[in-house]
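An overview of the molecular structure
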Amino acid sequence: MSAGRPRTFFHCHPAGEDPGALLDPAQQVTEPWGEPDHGPCDKCEGQGSAAYECFSCLEAGSDPDCPACQGRVRFEQTCPTCQGSGEIHRTRRHGIAVFPSREGLYRYLAWKSDAEVESQVVVELAGELSEDRDLDADHGALLILPEELVSVEPLDAAVVSSIRDRTGEEEG
Ligand SMILES: [Zn+2]
Ligand SMILES: [Zn+2]
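No experiment lies behind these values; they were computed from the predicted model shown.

Remarks on unusual backbone geometry
Even without being glycine, Q70 reaches a positive phi, approximately 55 degrees. Inspection of the secondary structure assignment puts Q70 in the loop between helix 1 (55–60) and strand 5 (74–78). Note on Q70: relative accessible area 43%, which makes it partly exposed. The backbone of S119 shows a phi angle near 55 degrees, a positive value even though the residue is not glycine.

Remarks on the pattern of salt bridges
Under the definition given, this model contains 10 salt bridges. Its salt-bridge partner being E31, residue R92 comes within 3.3 Å of it at the nearest N-O pair. Highlighted residues: R92 in the loop between strand 6 (87–88) and strand 7 (93–94) and E31 in the loop between strand 2 (29–30) and strand 3 (39–40), separated in sequence by 61 residues. Since its relative accessible area comes to 47%, R92 is described here as partly exposed.

Considering the packing of aromatic side chains
Going through the model one piece at a time under the given rule, you end up with four aromatic pairs. Arranged with centres 5.7 Å apart and planes meeting at 35 degrees, the rings of Y108 and W111 form a pair that is tilted. Note that Y108 and W111 are positioned in helix 2 (residues 102–111) at a spacing of three residues, about one turn of the helix. When its relative accessible area of 8% is taken as the criterion, Y108 is described as buried. The ring centre of F75 lies 3.9 Å from the NZ or CZ of R72, which sits over that ring.

Regarding the nonpolar core
If you look at the biggest cluster of nonpolar residues, it comprises 24 residues, and the most contacted ones within it are V98 and L125. Listing elements by their share of this core, those giving two or more residues are strand 4 (49–53), strand 8 (96–98), strand 9 (120–129) and strand 10 (142–154). Tallying contributions element by element places strand 9 first for this core, with three residues. Filtering out sequence-adjacent residues up to four positions away, V98 remains in contact with F9, F10, H11, L125, G140, A141, L142 and I144. By size, the runner-up hydrophobic cluster in this structure holds 17 residues, among which are F55, A115, V122 and V160.

Quick notes on helix 3 (residues 157–167)
The N-cap of helix 3, judged by a side-chain oxygen 3.1 Å from the amide nitrogen of A158 a few residues on, is D156. Following helix 3 by one or two positions, G168 adopts a phi angle in the positive range, close to 85 degrees.

Here's the deal with the coordination of the zinc ion (ligand 2)
The coordination sphere of the zinc ion (ligand 2) contains the protein donors C41 (SG), C44 (SG), C79 (SG) and C82 (SG), at a distance range of 2.2 to 2.3 Å. Around the zinc ion (ligand 2), the four donor atoms are arranged such that angles at the metal cover 105 to 115 degrees; this shape is classified as tetrahedral. The sequence pattern describing where the donors of the zinc ion (ligand 2) fall on their chain is C-x2-C-x34-C-x2-C. With C44 in the loop between strand 3 and strand 4 and C82 in the loop between strand 5 and strand 6, the pair connects residues that are 38 residues apart, well separated along the chain. Comparing C44 with C82, the two get one shared label, buried.

Reading the values: rules and limits
- Residues numbered from 1 in each chain as written.
- Chains lettered and ligands numbered in written order.
- Predicted model: local features only at pLDDT ≥ 70, side-chain atom pairs only at ≥ 80, totals over all residues.
- Heavy atoms only, no water.
- Helix = DSSP H or I, 4+ residues; strand = E, 2+ residues; numbered from the N terminus.
- Buried < 20%, exposed > 50% of the residue type's maximum accessible area, 1.4 Å probe, protein only.
- Salt bridge = Lys/Arg side-chain N within 4 Å of Asp/Glu carboxyl O.
- Phe/Tyr/Trp six-rings, centres within 6.5 Å; stacked < 30°, edge-to-face > 60°.
- Lys NZ or Arg CZ within 6 Å of the ring centre and 35° of its normal.
- Core = buried A, V, L, I, M, F, W, Y, C linked by side-chain atoms within 4.5 Å.
- Contact = heavy atoms within 4.5 Å.
- Polar contact = N/O pair within 3.5 Å; in protein donor to acceptor, adjacent residues only side chain to side chain.
- Donors = N, O, S within 2.8 Å, 3.2 Å for Na, K, Ca; no water.
- Tetrahedral: all angles 85-135°; square planar, octahedral: opposite > 155°, others 65-115°.

And the structure:
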């Protein structure tokens, strides 16, 4: 960690909803967008480990201080969705899903074919990392317990579509 300004994280939020709610510990939970609740893990096909690709470092360059990958960018680790068991048991996770860079969040939204990108804002947050792991940790998503709202800006849907043109969406 470099000294100075505390690290901040980036979260996509509906424009019509109060981002201040993200600071309420009772609401700091993340659930999947339409993925199955239990059963065989489709992410790792039951193998228990997954290929990780840090979207933040893919877009912005490898960062040794990256809290998602420590600069490794691509590596193999325990599957975040089934937590290594090959079966999905728990999809409700503690914390707010964020990326350590704006670039990583945009890349994720471009990859996620069902992501809502109209009428959204990008909320910059500061806070501690959760003890829990995001279901999409293999793309460099983190969970934090936000303590401070640093900034709110409109999500630029044109940036999402230009990344999508360059890299394509997830399969299926
Ligand atoms: Zn990284
Ligand atoms: Zn798995």
